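Structural overview
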Amino acid sequence: IMEKLPKSKTLELRQKHIGGAMKMFFSHDPVKIVRASGQYMYDEQGNQYLDCINNVCHVGHCHPDVVEAAHRQMQVLNTNSRFLHDDMVLLAEKITSTMPESLSVVFMTNSGSEANDLAMRLARHHTKGTDVITLDNAYHGTVVTTMDISPYKLDRNTDGVHPIPDHVHVASCPDVYGGIYRDCDYPGEDMGEKYAADVDEIINKIHSNGRKLSCYISESMQSCAGQVIFPKGYLKNVYRSVRKAGGVCIADEVQVGFGRVGTHYWAFQPEGVVPDIVTMGKPMGNGHPVSAVVTTREISDSFQKSGMTYFNTYGGNPVSCAIALAVLNVIEKEGLLEHAIIIGQYLKDKLRELQKELPIIGDIRGRGMFVGIALVKDLKTREPATKEANETICRMKKEFILLSTDGPHENVLKFKPPLCFNKDNVDVLVNKLAVALRDISTSSEEKAKNTQEINELSHDKNNSAVVDFGRQCSGFSSSLTSEVVGEPSAKVMKVH
Ligand code: PMP
């Protein structure tokens, strides 16, 4: 199946019939993808793109084992999940075998949002608490309850109809490079403790208001916040405080789970913590919608004792379970965890070489095949290089590499490709990135110099001759509009 419509017609119908708020990558010059394989995607003209974005198609686009499992099961049976079926229990057994022993009970759902919504319900019934602690810049899903705990989205909501509710408390994002406490400002201090103290303060506030904590929820590495790796000890300290206050700890592994970190299956594991509830989705079905919540027997029992029965029409249907089982089998069969370590390290090493030459690269961080590159205007001030980051991804797209930006300032290049990404792919990526960043850095310096000169010449601050820095980017990206390159509010590649 290739193109059914010419691209112009697809765009026309999209504008007519698809909700405008449904985001598209490069919305002013979208890529039309008609097929994909492994780490490559192909547009309608047959151009091959290297995919550095798709953590969903985890073991590679259209992996034959996954396609085969879906096809086989689809031919035999697909029904709702209220019948006894082998694959649901085999999947639950397999997932829990990758987890610490206490996490032994699984609920099947269809999306990350549903999984997080259910996780909060479980927490509420178990603790009888109401209040939730979430992190700044977090995204946990698109339904009302998960929007409530997603400052990443609510902070950008302009009509004010969806404020952060009273029962939700936002703790600082523990980003030691660009967060409220930066390692450079607190040399020698225990940053894990420092950020965790924020959560302690929130817990005190909850108690002094006569309220009760239900849960703390965070990713184990924060993806939407800009590939943030937590300072050592942060999660350990937080989990201790939350449990002391009678709350439970939820790890959202929807983006970062299933072996992406390489050393472990789950991103909470390198942090040395064991959550009470884990949610997972995206990579689980390699593109097919399937997700799950894993918890302890105790928490599951509390939910059951509350009189709740959980019914989810599609959650755990035989086809979804067959697919998720196939994904886990491929991860094992192809040694993708070890591969993630090797490729991730190779990428970071190459980027660190490049960093010596290019001061626009402020920070390189990550675990396995989850890497962030923070671009900055100045290494000392760490001022985010937002426009430059946007220009970079536009340049990369022209070079047939799909890369995205993220973080509150959208200055972090986000690398989270299918796990079959290889060394040759890294070489291509870094070579092209080097060319783009060299150009962009040189041009930024020139622009800054020009701006300074013009400012010095200008007596009138409103003089139209003053260079608008943002709009100068068009030199690199002539076919792209201001949404993509220029506007400070540009939200081009929200990939969550
Ligand atoms: N949690 C995290 C960390 C996510 O990144 C996402 C999706 N980007 C979700 C939850 C929601 O998942 P879904 O879109 O499948 O509902």
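Now for a look at the structure at hand. Here the structure is a predicted model, which means the values were calculated and not measured. (Residues numbered from 1 in each chain as written. Predicted model: local features only at pLDDT ≥ 70, side-chain atom pairs only at ≥ 80, totals over all residues. Heavy atoms only, no water.)

What follows covers the overall build of the chain. Helix and strand content of the chain: 14 helices and 15 strands. Counting every position in the chain, which comprises 496 residues, the buried fraction comes to 55%. Of the contacts made within the chain by residues no fewer than 6 positions apart, 72% connect residues no fewer than 24 positions apart. Accessible area of the chain: about 21,900 Å², with a carbon and sulfur share of 51%. (Helix = DSSP H or I, 4+ residues; strand = E, 2+ residues; numbered from the N terminus. Buried < 20%, exposed > 50% of the residue type's maximum accessible area, 1.4 Å probe, protein only. Contact = heavy atoms within 4.5 Å. Areas by Shrake-Rupley, 256 points an atom, 1.4 Å probe, with all protein chains shown as cover.)

This part covers helix α10 (residues 318-333). Since there are 3.6 residues in each turn of an α-helix, residues three or four apart along the chain are aligned in direction. End to end, α10 covers 22 Å across 16 residues, agreeing with the expected 22 Å (1.5 Å per residue, within 8%). A large share of α10 lies buried, amounting to 13 of its 16 residues. Where α10 begins, the capping side chain belongs to asparagine 317, and its oxygen is found 3.0 Å from the backbone nitrogen of valine 319. Count one or two residues on from α10 and you reach glycine 335, which has phi positive near 55 degrees. (Expected span 1.5 Å × (residues − 1). Polar contact = N/O pair within 3.5 Å; in protein donor to acceptor, adjacent residues only side chain to side chain.)

Two elements in contact, helix α7 (residues 191-208) and helix α8 (residues 234-244), have axes whose closest approach is 8 Å; the angle formed by their N-to-C orientations is 20 degrees. In this view, α7 runs roughly parallel relative to α8, as classed from their interaxial angle. Along this stretch, α7 crosses α8, giving a crossing that reads as right-handed. Note on element contacts: α8 touches α7 through Tyr234, Asn237, Val238, Ser241 and Val242, opposite Gly192, Glu193, Tyr195, Ala196, Val199, Asp200 and Ile203. (Axes fitted to C-alpha atoms, helices over the stretch in contact; angles between N-to-C directions. Parallel < 35°, antiparallel > 145°, perpendicular 65-115°, else oblique. Left-handed = near helix turned anticlockwise from the far one by under 90°.)

So, about unusual backbone geometry. Phi is positive for phenylalanine 258, which is not a glycine, with a value near 65 degrees. In this fold, phenylalanine 258 is placed in the loop between β8 (248-252) and β9 (277-280). Judged by relative accessible area, which is 1%, phenylalanine 258 ranks as buried.

If you trace the backbone, asparagine 312 turns up in the loop between α9 (297-305) and α10. At 3.1 Å, the side chain of asparagine 312 forms a polar contact with the backbone nitrogen of glycine 315. Each residue touching asparagine 312, except ones within four places of it in the same chain, is listed here: Ser81, Met108, Thr109, Asn110 and Glu114.

On to the environment of valine 428, then. In this structure, valine 428 sits in helix α13 (residues 423-457). Along the chain, valine 428 and glutamate 399 lie 29 residues apart, while their C-alpha atoms are 10.0 Å from each other.

Aromatic ring pairs are defined here through the distance separating the ring centres and the angle between the ring planes. Taken as a whole and judged by the stated rule, the model has 11 aromatic pairs. The interplanar angle of 70 degrees and the centroid separation of 5.2 Å between the aromatic rings of phenylalanine 230 and tyrosine 234 together place this pair among those described as edge-to-face. The two residues phenylalanine 230 and tyrosine 234 agree in class, both being buried. Through successive ring pairs, a cluster of aromatic residues spans Phe107, Phe303 and Tyr310. (Phe/Tyr/Trp six-rings, centres within 6.5 Å; stacked < 30°, edge-to-face > 60°.)

Next up on the list: the sheet that holds strand β14 (residues 404-406). On the basis of which strands lie adjacent, the open sheet formed by four strands has the order β11-β12-β15-β14 and antiparallel pairing. Of all the strands in the sheet, the pair left with one neighbour each is β11 (361-367) and β14. Across the sheet, the axes of successive neighbouring strands diverge by a mean angle of 30 degrees, strand direction being ignored. By the bridge criterion, three bridges tie β14 to strand β15 (residues 412-415) in an arrangement that is antiparallel. Within β15, the residue paired with aspartate 406 across the bridge is valine 412. Contacts from helix α11 (residues 336-357) reach β11, β12 (370-375) and β15, with the element oriented near 170 degrees to β11. Sitting on the sheet, helix α12 (residues 386-398) touches β12, β14 and β15, and the angle it makes with β14 is about 160 degrees. (Pairing = 2+ DSSP bridges.)

Burial within β8 is extensive, with five of its five residues counted as buried. Every second residue of β8 is oriented toward a common face, with Val248, Ile250 and Asp252 on one face and Cys249 and Ala251 on the other, all of them buried. The pairing of strand β7 (residues 213-219) with β8 spans five bridges and is classified as parallel. Bridging from a neighbouring strand, glutamate 219 pairs with aspartate 252 of β8. Remark: the β7/α8/β8 crossover connection has right-handed handedness. Pairing analysis gives three bridges linking β8 to β9, with the strands arranged parallel. The residue bridging isoleucine 250 from the neighbouring strand is isoleucine 277, located in β9. (Right-handed = clockwise from strand over helix to strand, strands pointing away.)

Before going further, it helps to spend a moment on α12. For α12, with 13 residues, the first-to-last C-alpha span of 19 Å sits near the 18 Å given by 1.5 Å per residue. Of all the 13 residues making up α12, 12 are buried; the element is thus mostly covered by neighbouring parts of the structure. Those residues of α12 lying buried are Thr386, Lys387, Glu388, Ala389, Asn390, Glu391, Thr392, Ile393, Cys394, Arg395, Met396 and Lys397. Directly beyond the C-terminal end of α12, a positive phi value near 65 degrees is found at phenylalanine 400.

As a further point, take the environment of glutamate 383. Tracing the backbone through its elements, the reader meets glutamate 383 in the loop between β12 and α12. Put simply, glutamate 383 and asparagine 411 are 28 residues apart on the chain and 9.5 Å apart in space, counted from C-alpha to C-alpha. Glutamate 383 has contacts with Leu375, Val376, Lys377 and Asp378, leaving out every residue within four places of it along the chain.

Looking now at the pattern of salt bridges. Taken as a whole and judged by the stated rule, the model has 22 salt bridges. Between arginine 182 and aspartate 185 there is a salt bridge; the shortest N-O distance is 3.2 Å. In this structure aspartate 185 comes out as partly exposed when scored by relative accessible area, which is 43%. Linking aspartate 276 and arginine 243 is a salt bridge whose minimum nitrogen-to-oxygen distance equals 3.2 Å. With aspartate 276 in the loop between β8 and β9 and arginine 243 in helix α8, the pair connects residues that are 33 residues apart, well separated along the chain. Judged by its relative accessible area of 14%, aspartate 276 is buried. Residue arginine 243 is classed as partly exposed on the basis of its relative accessible area, which comes to 35%. (Salt bridge = Lys/Arg side-chain N within 4 Å of Asp/Glu carboxyl O.)

In short, the description is geometric, and any link to function would need to be established separately.
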